[in-house]
Structure formats: C-alpha cells, structure tokens
Amino acid sequence: MKTLITGGCGFIGSHLSEYLLERGERVEVLDDLSSGDLQNIARIKDHPNFSCTIDSVLNRAILEKVIKRNDFIFHLAAAVGVRMVIEEPIKSIRTNIEGTQNVLELASCFKKKVLLTSSSEVYGKNEKIPFSESSDSLLGSPKVRRWSYGCTKLLDEFISFAYFQEKGLPVIVVRLFNTIGPRQTGKYGMVVPKFIEQALNGEPITVFGDGKQLRSFTYVADVVEAMVSLAKEPSAYGEVFNIGNPQGTITINELAKLIKRLTKSESKIIHIPYQKAYREGFVDMERRVPDIGKIQSQINFSPRVNLQEALLKIIKGSGLNI
Ligand code: UDP
C-alpha cells in the first residue's frame, strides 16, 4: 500500500513514517516545515520506499498530485501546540480548516481513505473526566485564543463526518491526548520536552499556574501503532476514537518532580503565573484524562510504554548527558 502522511516531518509523522517503512509500506510525506524538521526524517530520507515533498496542504495543485498517487492518507499536518495557536491565530486557523478541507475534498474526489488526527483539546473545559468520545465539547469565548484550536479541530471532525455521510468517504478521526517521545521539541511549549531540557541544562523547571493541572501522557509508539491498527479495521471508518493512556496521568507538579529525579538534576522547580507564561486572558484546562474503552474494544488497544519508561527513552534520546 502507498501511504501519504501530511505533516510527515513532524514529531508524530516521522515516527509513523518509520513504523510503516519497517513494515514494508511505501511512504510519501508532505510537509511545509512550518513546525516539522528535516532532521526528523534524517534516518529514513534515503530509504528506497520513502519520498518527501516539501509543500503545504494549502497548495491544492500539489496536494492533488500527492493524493492521487497514494492509497491512504494520514492527515497530521496542523498548527502545533498551544503557543503557536496563541501567537499566530490566523495562520493556525487557516491551516487547520482550509488544509483539512482540501485533504478531505481531494480524498473524496479520488476515492482514497483518510485518518484525521484531532485532539483532546476538543473537550475544552469540560470537567467531567475521563472524557469519552460522546462527552460534550465545552469551548469558551472566541475572545480567548486558546479555544480556536479545539474549535478548528472540532470543525474538522464535523467536515470529516459530513464527507463520510454524504459522499461515502472512508474516514477515521482520532483524538490524541498529550503524545510524547523522542524528537518532540519544546519550542512550541510542550511541557515534557521543555521540562527535560530545563532539567538537563540545570535551568529552573517552569511549572505554570499552581501545577495541580492533570494530564495523561502517551508514548508516541503506542499512538502510532493504534492509528495503523485502526486504519486496518473496516468498522472503524466513520467513527471517532480517543488515543491516550489513562495510566500516564499525572499532575504537572508531580511531572516536574519525576523529571528532576530521572535526570538527576539540581534544577529548582519554580511556579510561573499563567499571565506571565502566555498572555493576559489565557485559560488552561484543569484536567484532561481519556476514557479509552472504545478503542480498546475496537482494536484491543493497550498502551505498552508507561510514563517513566517513556521519559527515560526521551532523556536517553536527547543527546544531553546526565
Ligand atoms: N506547562 C507548564 N510549564 C511549561 C509548559 C507547559 O507548566 O513550561 C503546563 C501547561 O500550562 C499545561 C500542561 O503543562 O497545563 C501541558 O501543556 P502542553 O502545552 O504540553 O499541552 P496541553 O495539554 O496544554 O495542550
């Protein structure tokens, strides 16, 4: 099978590329390098079954070409991280909406299958954890930039199901919960790579707010395996699935302490108010924990890598000595 991965030079996309190549698939990636990095595909760039096109999902002519010559599309290209969404809202909204619209329309036109990566951000400030796929999306005011991300991803989901229902497009939607692993950068504000870098450099570990906020972290290899398994399941099409690891649930305070211990760091753990960390009017999610019952019954999904193992793999892969 020939697979297209939009956003394939990004953190998750590059792991997915490697996974598929190792299983004998042919992989083409499309990436505009807005947050992706050629370094991420350095190990696979010369693989005979791999090719890479540097361009945007907003470029319809190119997108049409690459979609035509593949059978399956993992659509990962999107604005990355809360920081990017807050700092570049127009670009982020456009990429998430217009880019996805292009992918779905062309995939439908050329009869290709799609897996769309959505986000746990769609649950917004719903406080009833764990979130199951039927939980409500509770987004805040459009004056608060953060909600634009969840809103665009939710609209992507609506468009996906509209294509499924009206045009028969075979599409699966997955909602990812705080995926972590080697090659994830702290540049866009993601907490795990940031804390590890701070700890290894002996800099203060910056906990935002009171640090009591709860997150569930999933190792990237588990996420990639789940996405590929779903794609092989005919009954998964037209459905939405959480992909996360409830066992990897931890407060940000505890995460800071755990990373400090695993890196044997002397760094201080400091608390920074949200207004200083982001900008006025920032709202954080207090708790974000997945219910994975649906994907478990669909593909027998069970995350293999626990949080401590995941952190140790990232620390080892960071290239910095401890
Ligand atoms: N966070 C933090 N310090 C940092 C970066 C992030 O305390 O240097 C917090 C952030 O406010 C949030 C959590 O860590 O509560 C996870 O943030 P991330 O941006 O990784 O993902 P989110 O779940 O917010 O999308």
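Our subject is the structure that appears above.
Everything numeric here is computed off the predicted structure, so don't read it as measured data.

1. Details of the overall build of the chain
Within the chain, the regular secondary structure consists of 11 helices and 14 strands. Compactness check: the chain gives a C-alpha radius of gyration of 19 Å against a globular reference of 20 Å for 322 residues, within 12% of the reference. Going through the 322 residues of the chain one by one, you find that 56% of them count as buried. Relative to all contacts within the chain whose residues are 6 or more apart in sequence, the contacts with residues 24 or more apart total 80%. Taken as a whole, the chain presents about 14500 Å² of accessible surface, with 50% of it coming from carbon and sulfur. In the chain, 42 side chains carry a positive charge and 36 a negative one; their mean positions are 2 Å apart.

2. Some details on the sheet that holds strand β12 (residues 249–251)
Strand order in the open sheet made by the three strands is β12-β9-β14, with mixed pairing throughout. One side of each edge strand has no neighbouring strand; the edge strands of this open sheet are β12 and β14 (287–288). Bridge count between strand β9 (residues 214–216) and β14: two bridges; the pairing is parallel. Its bridge partner lying in β14, R215 is registered against R288.

3. Digging into the environment of H75
Residue position: H75 is located in strand β4 (residues 72–75). Judged by its relative accessible area of 2%, H75 falls in the buried class. Sequence spacing of H75 and V114 is 39 residues, and the spatial spacing of their C-alpha atoms is 7.0 Å. Setting aside anything within four residues of it in sequence, one finds H75 in contact with T6, V57, G99, T100, V103, V114, L115, L116 and T117. Looking at H75, its side chain comes within polar contact range of the side chain of T6, at 2.7 Å. Side chain to side chain, H75 and T100 meet in a polar contact 3.0 Å long.

4. What about the site of the ligand?
The ligand sits among 18 residues. The nearest are K194, T206, F208, R215 and D284. Within the side chain of D284, one N or O atom sits 2.6 Å away from an oxygen atom of the ligand. Every element with two or more residues in the shell around the ligand is listed here: α6 (191–200) and β8 (205–208). Across the shell around the ligand, the residue classes tally to nine nonpolar, four polar and five charged.

5. Comments concerning the nonpolar core
Core analysis: the biggest nonpolar cluster contains 59 residues, and F74, I243 and L311 have the highest contact counts within it. Broken down by element, the residue count for this core peaks at eight residues, all from helix α7 (residues 220–231). Residues contacting F74, with those up to four places away along its chain left out, are T3, L4, I5, T6, L16, L20, L115, M227, V228 and A231.

6. With respect to unusual backbone geometry
Here the residue pair I129 and P130 is connected by a cis peptide bond, since its omega of -5° sits within 30 degrees of zero. Counting through the fold element by element, P130 comes out in the loop between β5 (113–119) and α5 (146–167). Positioned with a positive phi, L33 is a non-glycine residue whose angle comes to about 60°. Position of L33 relative to the elements: it lies in the loop between β2 (26–31) and β3 (50–54). Of note, R183 is a non-glycine position whose phi angle comes to about 80°, a positive value. Relative to the helices and strands, R183 resides in the loop between β7 (179–180) and α6. Under the relative-accessibility criterion, R183 is labelled partly exposed at 26%.

7. Structural notes on the sheet that holds strand β11 (residues 240–243)
Pairing is parallel in the open sheet, where seven strands are placed in the order β3-β2-β1-β4-β5-β6-β11. The open sheet has two free edges, formed respectively by β3 and β11, since each of these has just one partner strand. Sheet twist, expressed as the mean angle between neighbouring strand axes with direction ignored, is 20°. Examined bridge by bridge, strand β1 (residues 2–6) and β2 share five bridges and lie parallel to one another. Its bridge partner lying in β2, I5 is registered against V29. Contacts between helix α2 (residues 60–68) and the sheet are confined to β1, β2, β3 and β4, with β2 contributing the most and set at about 170° to the helix. The sheet strands contacting α5 are β5, β6 (171–176) and β11, and the helix crosses β5 at an angle near 155°.

8. Let's talk about the pattern of salt bridges
It is possible for side chains bearing opposite charge to pair when their charged atoms get close. In the structure shown here, the tally under the stated rule is 17 salt bridges. Between K257 and E254 there is a salt bridge, with its nearest N and O atoms 3.2 Å apart. Within this pair, K257 and its partner E254 are both found in helix α8 (residues 252–262), separated by three residues, close to a single helical turn. Using a relative accessible area of 38% as the deciding quantity, one classes E254 as partly exposed.

9. Quick word on the packing of aromatic side chains
Evaluated as defined, the whole model comprises three aromatic pairs. Here the aromatic rings of Y123 and F177 are separated by 6.1 Å at their centres, their planes lie at 35°, and the arrangement is tilted. With Y123 in the loop between β5 and α5 and F177 in the loop between β6 and β7, this residue pair connects regions lying 54 residues apart in the sequence. Under the relative-accessibility criterion, F177 is labelled buried at 0%. Among the aromatic residues, ring-to-ring pairing joins Y123, F131 and F177 into one connected group.

Parameters at a glance
- Residues numbered from 1 in each chain as written.
- Predicted model: local features only at pLDDT ≥ 70, side-chain atom pairs only at ≥ 80, totals over all residues.
- Heavy atoms only, no water.
- Helix = DSSP H or I, 4+ residues; strand = E, 2+ residues; numbered from the N terminus.
- Rg over C-alpha atoms; globule rule 2.2 N^0.38 Å.
- Buried < 20%, exposed > 50% of the residue type's maximum accessible area, 1.4 Å probe, protein only.
- Contact = heavy atoms within 4.5 Å.
- Areas by Shrake-Rupley, 256 points an atom, 1.4 Å probe, with all protein chains shown as cover.
- Lys, Arg positive; Asp, Glu negative; His and termini not counted.
- Charge placed at Lys NZ, Arg CZ, Asp CG, Glu CD.
- Pairing = 2+ DSSP bridges.
- Polar contact = N/O pair within 3.5 Å; in protein donor to acceptor, adjacent residues only side chain to side chain.
- Near = heavy atom within 4 Å.
- Nonpolar A, V, L, I, M, F, W, Y, C, P; charged D, E, K, R; others polar.
- Core = buried A, V, L, I, M, F, W, Y, C linked by side-chain atoms within 4.5 Å.
- Axes fitted to C-alpha atoms, helices over the stretch in contact; angles between N-to-C directions.
- Salt bridge = Lys/Arg side-chain N within 4 Å of Asp/Glu carboxyl O.
- Phe/Tyr/Trp six-rings, centres within 6.5 Å; stacked < 30°, edge-to-face > 60°.

On their own, these measurements won't tell you what the molecule is for.
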